[in-house]
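Remarks on the overall topology
Here are the chains, one letter per residue:
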Amino acid sequence: MDPVVIPILVAAIVVVFLVAATVRIVPQARRYNIERFGRYRRTLQPGLNFVLPVADRVNTKLDVREQVYSSDPKPVITEDNLVVNIDTVLYYQITDPRAAAYEVADYLHAIDQLTVTTLRNVIGSMDLEGTLTSREEINARLRAVLDDATGKWGIRVNRVEIKAIDPPNTIKEAMEKQMRAERDKRAAILHAEGERQAKILTAEGTKQKDILEAQGTQQAMILRADGESKAVELVFQSVHRNNADAKVLAYKYLETLPHLAQSDNNTFWVIPGELTEAIRTVTSAFGDQPAGAGPPASAEREDVAADVVDSDKDSVGAPEIEPNSTLALDAVAAADEAAKQAAAAVSDAKAEAEAAGETRLPGER
């Protein structure tokens, strides 16, 4: 080999080495910390950079993108002395590569330990129920503490989230029983509310039914009373229009008496004192009067009644019934039959009253 070629090759190798040692290409979203003779010199930005060979060297290569760090479950004691395991997720970003490399030895480990201590401080002031329902508050307090502590490390904590809160198994079972009891309670309350509403609606319907029935009964009674009133008025007008005398009224009186004893529940009834007077009136009206006898008292009342009727209504007086006429004989027979029926009704009522009195016990009244 030619002796001149060897120095040229050596020189070329040295030049290539120097160029390679001088040029540094930094990728996007990366930062290189350069030390010169062991001392921090500068931070290389993305792109083509030149350094002094042998004197400068790259100490740390950092990624300045937002990164996610998930810690392992950490045991934390609550205010009510329950141990729960809490997992956290940390979203952070390096803002100062020099501080992240030289202010803290291991920023991930430091952030992890700071998260644990902060969690124990925060959770220690809450009970289990508050821990399970106050995640937003815990996240905000964690972020405030971590952001304040990691600022001098050149790291910005964007978000801190609690991934899981794992209470002991006994607490889980108790919580499940509590939730089941709460659901049973809500179901019972809803069922009771449904029954209450149903009873209210039923009562309202019954009330409306009773009101309508009462109104119907009232209207029926009013109509019935109105009909009876009109019937009585028609009878009264007919009696006055036909100029009925005391004999006819006495006969109707006797005709009504047998109906008093027809009811099965009547064990005691009173015979009116006017019964004998009515019988005497009918008998004297249709029987022969002795000679020289004066007019009966009923005849006098008949005349007075006729005068009253004639004064109230300008109508013609009732026609007199002749004693020997067929109408007189029929009236006498009807009066006798009515008297017999009244006497038989009185006898039957007395017998039933005596029989009812005999069937009572000696101690009864």
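What you see is a predicted model; the values in this text were computed from it and never measured.

Some remarks on the nonpolar core
Within soluble globular proteins, side chains that are nonpolar tend to cluster in buried spots. Core analysis: the largest hydrophobic core is formed by 28 residues, its most contacted members being I86, L90, Y107, I138 and I155. Breaking this core down by element, the ones donating at least two residues are β8 (83–94), α3 (107–123), α5 (135–150) and β9 (155–166). Considering every element that reaches this core, the biggest residue donor is α3, with seven residues. Once residues lying within four places of it in the same chain are set aside, the contact partners of Y107 are Y92, I94, A100 and I155. Counting residues in each nonpolar core, the second largest holds five residues, with V26, Y32, I34 and L44 among its members.

A look at the confidence of the model for the protein
For the protein, per-residue confidence averages 75 on the pLDDT scale, and residues scoring 70 or more make up 66% of the total. Mean pLDDT in the protein bottoms out at helix α9 (residues 297–312), which sits at 42, and peaks at strand β2 (residues 30–36), which reaches 91. Counting interchain partners and residues more than four positions distant, the pLDDT-below-50 stretch residues 288–329 has 27 contacts. Segment residues 359–365: pLDDT under 50, and one contact once partners within four positions in sequence are set aside and those in other chains are kept.

Thoughts on the packing of α3 against α5
The contact between α3 and α5 brings their axes to 10 Å, and the two run at 140°. Relative to α5, the element α3 lies oblique. Crossing hand, α3 versus α5: right-handed. Contacts from I111, L114, T115, T118, L119, V122 and I123 of α3 reach α5 at I138, R141, L142, V145, L146, A149 and T150.

What to know about the sheet that holds strand β3 (residues 39–44)
Pairing within the open sheet is antiparallel, and its three strands lie in the order β3-β2-β5. Two strands lie at the open edges of the sheet, namely β3 and β5 (56–63), each paired on one side alone. This sheet shows a mean twist of 25° between the axes of neighbouring strands, independent of strand direction. In the sheet, β2 pairs with β3 via five bridges, with the strands oriented antiparallel.

Some points on a nonpolar patch on the surface
A surface patch of nonpolar side chains, amounting to about 440 Å² of accessible area, comprises I6, V10, V14, F17 and L18. Tracing the backbone shows L18 in helix α1 (residues 5–22). For L18, a relative accessible area of 37% puts it in the partly exposed group.

As for a negative patch on the surface
Together, E79, D80, D127 and E129 make up a region of like negative charge exposed at the surface. Looking at the element boundaries, E79 is found in the loop between β7 (74–77) and β8.

Overview of the environment of L52
Summarising the element assignment, L52 is placed in the loop between β4 (47–50) and β5. For the pair formed by L52 and R36, sequence separation is 16 residues and the distance between their alpha carbons is 8.4 Å.

Details of unusual backbone geometry
Of note, A29 is a non-glycine position whose phi angle comes to about 65°, a positive value. Mapped onto the fold, A29 is located in the loop between β1 (23–26) and β2. We note that N81 has phi near 60°; this positive angle belongs to a residue other than glycine. The topology assignment puts N81 in the loop between β7 and β8. By relative accessible area, which is 64% here, N81 ends up exposed.

Examining the side chain of N139
Of note, N139 is situated in helix α5. Other than its neighbours up to four places away in sequence, N139 contacts V160, E161 and I162.

A look at a positive patch on the surface
Residues K177, R180, R183 and R186 make up a contiguous surface patch of positive charge. Position of R183 among the secondary structure elements: in helix α6 (residues 169–242).

Overview of the pattern of salt bridges
What the rule picks out here adds up to eight salt bridges. Ionic pairing is found between D63 and R65, a salt bridge with its closest N-O pair at 2.7 Å. Here D63 falls in the buried class, since its relative accessible area comes to 18%. With a relative accessible area of 45%, R65 lands in the partly exposed category.

About the criteria used
- Residues numbered from 1 in each chain as written.
- Predicted model: local features only at pLDDT ≥ 70, side-chain atom pairs only at ≥ 80, totals over all residues.
- Heavy atoms only, no water.
- Core = buried A, V, L, I, M, F, W, Y, C linked by side-chain atoms within 4.5 Å.
- Buried < 20%, exposed > 50% of the residue type's maximum accessible area, 1.4 Å probe, protein only.
- Helix = DSSP H or I, 4+ residues; strand = E, 2+ residues; numbered from the N terminus.
- Contact = heavy atoms within 4.5 Å.
- pLDDT = per-residue confidence, 0-100.
- Axes fitted to C-alpha atoms, helices over the stretch in contact; angles between N-to-C directions.
- Parallel < 35°, antiparallel > 145°, perpendicular 65-115°, else oblique.
- Left-handed = near helix turned anticlockwise from the far one by under 90°.
- Pairing = 2+ DSSP bridges.
- Patch = residues over 30% accessible without salt bridge, like charges linked within 9 Å, V, L, I, M, F, W, Y side chains within 5 Å.
- Areas by Shrake-Rupley, 256 points an atom, 1.4 Å probe, with all protein chains shown as cover.
- Salt bridge = Lys/Arg side-chain N within 4 Å of Asp/Glu carboxyl O.
- Lys, Arg positive; Asp, Glu negative; His and termini not counted.
- Charge placed at Lys NZ, Arg CZ, Asp CG, Glu CD.

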